[in-house]
Amino acid sequence: MTNTIPEIGKAACIFVIGSNTTAAHPIIGRHINRAVRNGAKLIVADPRETGLCRMADVWLRHQPGTDVALLNGMARVIIEEKLLDASFIKERCEGFEDFEASVMAWDLSQAEEVTGVSARKISEAARLYASISPATILYAMGITQHSHGTDNVKAVANLALLTGNIGKPSTGVNPLRGQNNVQGACDMGALPNVFPGYQKVDDPEIRKKFEKAWGCQLNPTPGLTLTELFGAVDSGKVKALYLMGENPVLTEADTNFTEGAISHLELLVVQDIFLTETAQLADVVLPAASFAEKDGTFTNTERRVQRVRKAIEPVGNCRPDWMIICDIAKNIGAKGFDFDSPEQIMEEIRTVTPSYAGVTYERIDQVGLQWPCPDLKHPGTAYLYAEKFNTPSGRGQFTPISYTPPAEVISHEYPLILTTRRSIFHFHSTLSRKVAGLNVLRGEEQVEINPVDAAALEIENGETVKVMSRRGTVKAKVKISKITPPGVVSMTFHYPETRTNVLTHAALDPIAKIPEFKVCAVKIEREIDYLKEYAAWGVGKRG
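Just so it is clear, the model here is predicted, and its values are computed rather than measured.

Parameters and conventions
Residues numbered from 1 in each chain as written. Predicted model: local features only at pLDDT ≥ 70, side-chain atom pairs only at ≥ 80, totals over all residues. Heavy atoms only, no water. Helix = DSSP H or I, 4+ residues; strand = E, 2+ residues; numbered from the N terminus. Expected span 1.5 Å × (residues − 1). Buried < 20%, exposed > 50% of the residue type's maximum accessible area, 1.4 Å probe, protein only. Polar contact = N/O pair within 3.5 Å; in protein donor to acceptor, adjacent residues only side chain to side chain. Contact = heavy atoms within 4.5 Å. Phe/Tyr/Trp six-rings, centres within 6.5 Å; stacked < 30°, edge-to-face > 60°. Lys NZ or Arg CZ within 6 Å of the ring centre and 35° of its normal. Pairing = 2+ DSSP bridges. Axes fitted to C-alpha atoms, helices over the stretch in contact; angles between N-to-C directions. Patch = residues over 30% accessible without salt bridge, like charges linked within 9 Å, V, L, I, M, F, W, Y side chains within 5 Å. Areas by Shrake-Rupley, 256 points an atom, 1.4 Å probe, with all protein chains shown as cover. Salt bridge = Lys/Arg side-chain N within 4 Å of Asp/Glu carboxyl O. Parallel < 35°, antiparallel > 145°, perpendicular 65-115°, else oblique. Left-handed = near helix turned anticlockwise from the far one by under 90°.

**Student:** Describe helix H5 (residues 67–80), naming the residues involved and giving the relevant values.
**Tutor:** Its 14 residues give H5 an end-to-end C-alpha distance of 20 Å, which sits within 8% of 20 Å, the value for a rise of 1.5 Å per residue. Of all the 14 residues making up H5, 13 are buried; the element is thus mostly covered by neighbouring parts of the structure. Within two residues after H5, Lys-82 carries a phi angle of roughly 55°, on the positive side.

**Student:** Could you give an account of the side chain of Thr-484, with specific residues and numbers?
**Tutor:** With respect to the helices, strands and loops of the structure, Thr-484 is situated in the loop between strand E19 (473–480) and strand E20 (488–491). Within the local environment of Thr-484, its side chain forms a polar contact with the side chain of Glu-448, the two groups lying 2.4 Å apart. When residues no more than four places from it in sequence are discounted, the contact partners of Thr-484 are Arg-48, Arg-61, Glu-448, Asn-450, Val-489 and Ser-490.

**Student:** Quick rundown of the side chain of Asp-509? Include the residues and the values.
**Tutor:** Examined against the element boundaries, Asp-509 turns out to sit in the loop between strand E21 (505–508) and strand E22 (515–516). Side-chain polar atoms of Asp-509 contact the backbone nitrogen of Gly-149, separated by 2.9 Å.

**Student:** Please set out the packing of aromatic side chains residue by residue, giving values where relevant.
**Tutor:** This model, assessed by the stated rule, comprises 10 aromatic pairs. With centroids separated by 6.5 Å and ring planes inclined at 55°, the aromatic side chains of Phe-96 and Phe-99 adopt a geometry described as tilted. Placement of the pair is Phe-96 and Phe-99 together in helix H7 (residues 96–104), with a separation of three residues, close to one helical turn. Taken as a pair, Phe-96 and Phe-99 share a single burial class, namely buried. The structure contains a cluster of three or more aromatic residues connected by ring pairs, namely Phe-96, Phe-99 and Phe-398. The ring of Trp-371 carries Arg-303 above its face, with NZ or CZ at 5.9 Å from the centroid.

**Student:** Got a sec to walk through the sheet that holds strand E1 (residues 13–17)? Specific residues and values, please.
**Tutor:** What links the strands of a sheet is backbone hydrogen bonding, and the strands pair in either a parallel or an antiparallel sense. Reading across the sheet, the five strands line up as E3-E2-E1-E5-E6 and stay open at both edges, with parallel pairing between neighbours. The sheet is open, and its two edges are formed by strand E3 (58–60) and strand E6 (173–175), each paired on a single side. Along the sheet, successive strands turn relative to each other by an average axial angle of 15°, direction set aside. Taken together, the three bridges between strand E5 (residues 135–139) and E6 define a ladder with parallel strand orientation. Counted as the bridge partner of Tyr-139 is Pro-175 from E6. Across the sheet, H5 lies against E1, strand E2 (41–45) and E3, angled at about 155° from E1, the strand it touches most.

**Student:** Could you give an account of a nonpolar patch on the surface, with specific residues and numbers?
**Tutor:** Together, Tyr-242, Met-244, Ile-325, Ile-328 and Ile-332 line one region of the surface with nonpolar side chains, adding up to about 440 Å² of accessible area. When contributions to the nonpolar patch are tallied by element, the ones reaching two or more residues are strand E9 (240–244) and helix H17 (321–331). Relative to the elements of secondary structure, Ile-332 occurs in the loop between H17 and helix H18 (342–352).

**Student:** Let's hear about the packing of H5 against helix H8 (residues 108–115): which residues, and what values?
**Tutor:** Packing of H5 against H8 leaves a shortest axis separation of 9 Å and a crossing angle of 155°. Here H5 is positioned roughly antiparallel relative to H8, judged by the angle of their axes. Between H5 and H8 lies a crossing whose hand is left-handed. When H5 is examined against H8, the residues Ala-69, Leu-70, Gly-73, Arg-76 and Val-77 are found in contact with a partner set consisting of Leu-108, Ala-111, Val-114 and Thr-115.

By themselves, these are just geometric observations and shouldn't be taken as functional.
Given below as structure tokens:
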């Protein structure tokens, strides 16, 4: 996030796109509720009628995968009606002329046709966002999990630059992370192209710094992302895989392909806190400690580095991840892994990661610090880009973006769009399925379908149906609801009994390499109970 979570509650206008915040991030959802109660205007862009949509001043119910068309339409209205922040653009941005030309080439009637949202509503949302300050944008995986997800994020950033809603309190472009320490994992270099602190692997000077610190020679070539990895496994280029805290058999797009690729491995090691569906396929399972069984830090979605303290001793043979990694490294002869505590590891992090240089256990003992925190006297950074942007020129960069349709569209054979989501009752993969009370609240998968489509298919609420895509078939019970629009069905991915991601499309964003979880073409068929049908037929014949 460019800004802090509490600042949301002080915003005068909040634009939420691609996020069912009250379900997926309920604490942040409370900040939105508070802001609205205090008079803030709320704009929500979501195909489904989420809880926030019912609170919104403007709800933009666009078709899945049409975010760029919607956002460019809003930008055109802001430019055309001179609602832009001309002084901010002049003093702090570059590339506006090219961006303006690209947006003005996109007629508002085209945006209406593509998105299914009226030009009147697009204009209303644009005027509201541009004319009320401070305005903040919140987004999540509803706009990133697309084959053009990077374009979606750039289009959001364009809106913030256009209106000067960045680099100030209660403004900004604020991604809501999908899990509690995703931000921290990325900060620490759990990406194939960067070292800790987003320092480029292929930069010779950066590499030299890490080689000196770690006492070894480092490969200058960026590696593969997780989504690219299974293609390499399938082709035989990767023969061994060490997975930590990841359950791709359930969470990757087109999981039939993923499971097939895993079967080709010569060695699979899984390190996790439960025996997940993927761990059940492993040659070696390393039991890891949960958050309550270890010390360390998490860095949350607002860039805040916070202490995690052990509450209980690790159960059974479980051990903290860092201990397992260090022992493996030492057993294969690697140097530099002689740590005795997470605090020692943080001290090394500080020496090689400029944005963490001022973070110590002592300083975050009570309240966490937000990076960048470049030295021991720095208070941390509440909001980014107050003075300059992280670009070579220090100016915010407008990016011309053209609308690109999803990689897979509906057809006569597959006439419905499937979009995936999360349930408020369960966490990501199967972690929360171990909690009996949560399973009472939501114990099985449901396919959410609009009454119009249910009537056309002659299916009833609670009936078991087959959901089929070009990649596979799953069964689920029907939930008829107007929450999902006609032509769209929605499912979660928490249930190994119904592996929703068998259906999803592994088309990747060319930059972020994220699969298109949010749009795939499906069809639905009734699960016929032949005995019941035969009995009914027989009774009818005798009558």
